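Chain and residue survey
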Amino acid sequence: MRPTDIRRSDMPGPKVYNLWWGDRGVQKQKGIVTYSLSPFRQRAAHNMITNWIFNGYRRLSSQAVYWVIPFAMGYATYSWAKRYDAWQNSKAAHVAGHHEH
């Protein structure tokens, strides 16, 4: 299908109330007012940083329990394993009789 065929199709336009495709018996509607706002006037990023500081802090603090506790447990396990490995490789562990590595 060529692009020009779309213009000749029976698709309804913006001001036509079309109950069914190809129904040409319906007249154009009158009295429809459409308002729009320029994209340059919308200010989509207005106060974005200020709002994120408060809203972001609220959202992150509500989720802190779910990531602080597992992180603390993982770090505690890591630090214990590092200390235990350093002790096992020391002279004190060999004197104490721990010979497995």
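As the structure is a computational prediction, the values presented were derived from the model and not from experiment.

What counts, and where the lines are drawn
- Residues numbered from 1 in each chain as written.
- Predicted model: local features only at pLDDT ≥ 70, side-chain atom pairs only at ≥ 80, totals over all residues.
- Heavy atoms only, no water.
- Helix = DSSP H or I, 4+ residues; strand = E, 2+ residues; numbered from the N terminus.
- Buried < 20%, exposed > 50% of the residue type's maximum accessible area, 1.4 Å probe, protein only.
- Areas by Shrake-Rupley, 256 points an atom, 1.4 Å probe, with all protein chains shown as cover.
- Patch = residues over 30% accessible without salt bridge, like charges linked within 9 Å, V, L, I, M, F, W, Y side chains within 5 Å.
- Salt bridge = Lys/Arg side-chain N within 4 Å of Asp/Glu carboxyl O.
- UniProt positions renumbered as here; feature names shortened; annotations may be inferred.
- Phe/Tyr/Trp six-rings, centres within 6.5 Å; stacked < 30°, edge-to-face > 60°.

1. Some thoughts on the overall build of the protein chain
Helix and strand content of the protein chain: 3 helices and 0 strands. In sequence order, the protein chain lays out its α and β elements as α-α-α. Out of the 101 residues belonging to the protein chain, those deemed buried represent 3%. Of the roughly 10200 Å² of accessible surface on the protein chain, 62% is carried by carbon and sulfur atoms.

2. Remarks on a nonpolar patch on the surface
On the surface, Met 48, Ile 49, Trp 52, Ile 53, Phe 54 and Leu 60 cluster together into a nonpolar patch covering about 740 Å² of accessible area. As for its placement among the helices and strands, Trp 52 is situated in helix H2 (residues 48-88).

3. Here's the deal with the UniProt feature "transmembrane region" (unreviewed entry) in the protein chain
UniProt records the feature "transmembrane region" (unreviewed entry) for residues 64-81 in the present numbering. In residues 64-81, helix accounts for 100% and strand for 0%; the two terminal C-alpha atoms are 25 Å from one another.

4. Section: the packing of aromatic side chains
For the structure on display, the rule yields 3 aromatic pairs. When the ring of Tyr 75 is compared with that of Tyr 78, the centres are 6.4 Å apart and the planes differ by 40°; the resulting orientation is tilted. In this pair, Tyr 75 and Tyr 78 are both assigned in helix H2, 3 residues apart and thus about one turn of the helix distant. Members of the aromatic cluster, joined through ring pairs, are Trp 80, Tyr 84 and Trp 87.

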